[in-house]
Amino acid sequence: MSAPTRGSPLSGLTRLGAACLEIAERLGDFSRLTLQTFSSSFGRHFPFRALLEQFEAIAVRSLPIVAVTTFFTGMVLALQTAFALSRFGAKPYVGSIVGLAIVRELGPVLAALMVGGRVGAGITSELGSMVVTEQVDAIRAMGADPIQKLVVPRVVATTLALPLLTFFAISLGVLGGGIIAKTQYSISFFFYMQTVLTAVTLPDFFSG
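In this text, all values refer to a predicted model and were calculated from it rather than measured experimentally. (Residues numbered from 1 in each chain as written. Predicted model: local features only at pLDDT ≥ 70, side-chain atom pairs only at ≥ 80, totals over all residues. Heavy atoms only, no water.)

Enquirer: I would appreciate a short explanation of unusual backbone geometry in the present structure.
Expert: Not every positive phi belongs to a glycine, and Glu134 is a case in point at roughly 65 degrees. Position of Glu134 among the secondary structure elements: in the loop between α4 (94–132) and α5 (135–141). Unusually for a residue other than glycine, Ser186 sits at a positive phi of about 55 degrees. Counting through the fold element by element, Ser186 comes out in the loop between α6 (146–185) and α7 (189–199). (Helix = DSSP H or I, 4+ residues; strand = E, 2+ residues; numbered from the N terminus.)

In structure tokens, the structure reads:
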């Protein structure tokens, strides 16, 4: 039986089937890696030293880019929000909108994007080079678990770092908005923070 010619309905079904199989295979690999990572996290000989090293690389080194991004985002948000509210005589309450926007959406999203962009590519290239140079096979040959040695510290460090970076991003975003409110619109910083604390509740914070 001859192979389906290009452009025929059968060739289209073949490509669709191959794409579905590839997606299913990738999902299966990801699910298996997730299960192995979770089980290795509770195994013996947890790599605490590697965890500290990865936490420093992921959390501490991401602080500058997270700080710059969220600080200036808060400033721009306060500038534009106060300009829009001034038309309705509600300019002093810019802190309510800035606080809710930073806490519920912008702070967590920007922190995650900055960490993902800075750390994700580095982890991928580092582990990929270790696979190519057969370092992963060497770890396995020595009787150690490469998932526990390489994957678990990075996953746990990222899980611990992101909430802390999110809190840091929220604080700087609100601070940046307060500086603009004070310098550009002569809104008392105390009143600005009071409106932020009045508008933002714990459910808002935890939703972010």
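Enquirer: Whenever I open this one, the environment of Val174 confuses me. Can you help?
Expert: Its place among the elements puts Val174 in helix α6. Measuring from C-alpha to C-alpha, the distance between Val174 and Met75 comes to 8.3 Å, with 99 residues separating the pair along the chain. If we skip the residues at most four places from it in the chain, Val174 touches Ile102, Tyr192, Met193 and Val196. (Contact = heavy atoms within 4.5 Å.)

Enquirer: What is the right way to look at α4 in this model?
Expert: Because each turn of an α-helix spans 3.6 residues, side chains separated by three or four positions in sequence point in the same direction. Here α4 contains 39 residues, and its C-alpha end-to-end distance of 53 Å stays within 8% of the 57 Å for a straight helix at 1.5 Å per residue. Largest kink in α4: about 55 degrees, centred on Ile102. Among the residues trailing α4, Glu134 stands out with phi positive, at a value near 65 degrees. (Expected span 1.5 Å × (residues − 1). Bend = angle between axes of the 7 residues up to and from the residue.)

Enquirer: Hey, could you run me through the nonpolar core in this one?
Expert: Considering soluble globular proteins, one finds that nonpolar side chains tend to be buried as a cluster. Among the nonpolar cores identified, the biggest contains 18 residues, and Val94, Val98, Ile102, Val174, Ile187 and Tyr192 are the most heavily contacted of them. Secondary structure elements with two or more residues in this core: α3 (63–85), α4, α6 and α7. Among all residues touching Tyr192, those that are not within four sequence positions of it are Val94, Gly95, Val98, Val174, Gly177, Gly178, Ala181 and Ile187. Counting 13 residues, the second-largest nonpolar core is a separate cluster that includes Phe46, Ile123, Ile147 and Ala161. (Core = buried A, V, L, I, M, F, W, Y, C linked by side-chain atoms within 4.5 Å. Buried < 20%, exposed > 50% of the residue type's maximum accessible area, 1.4 Å probe, protein only.)

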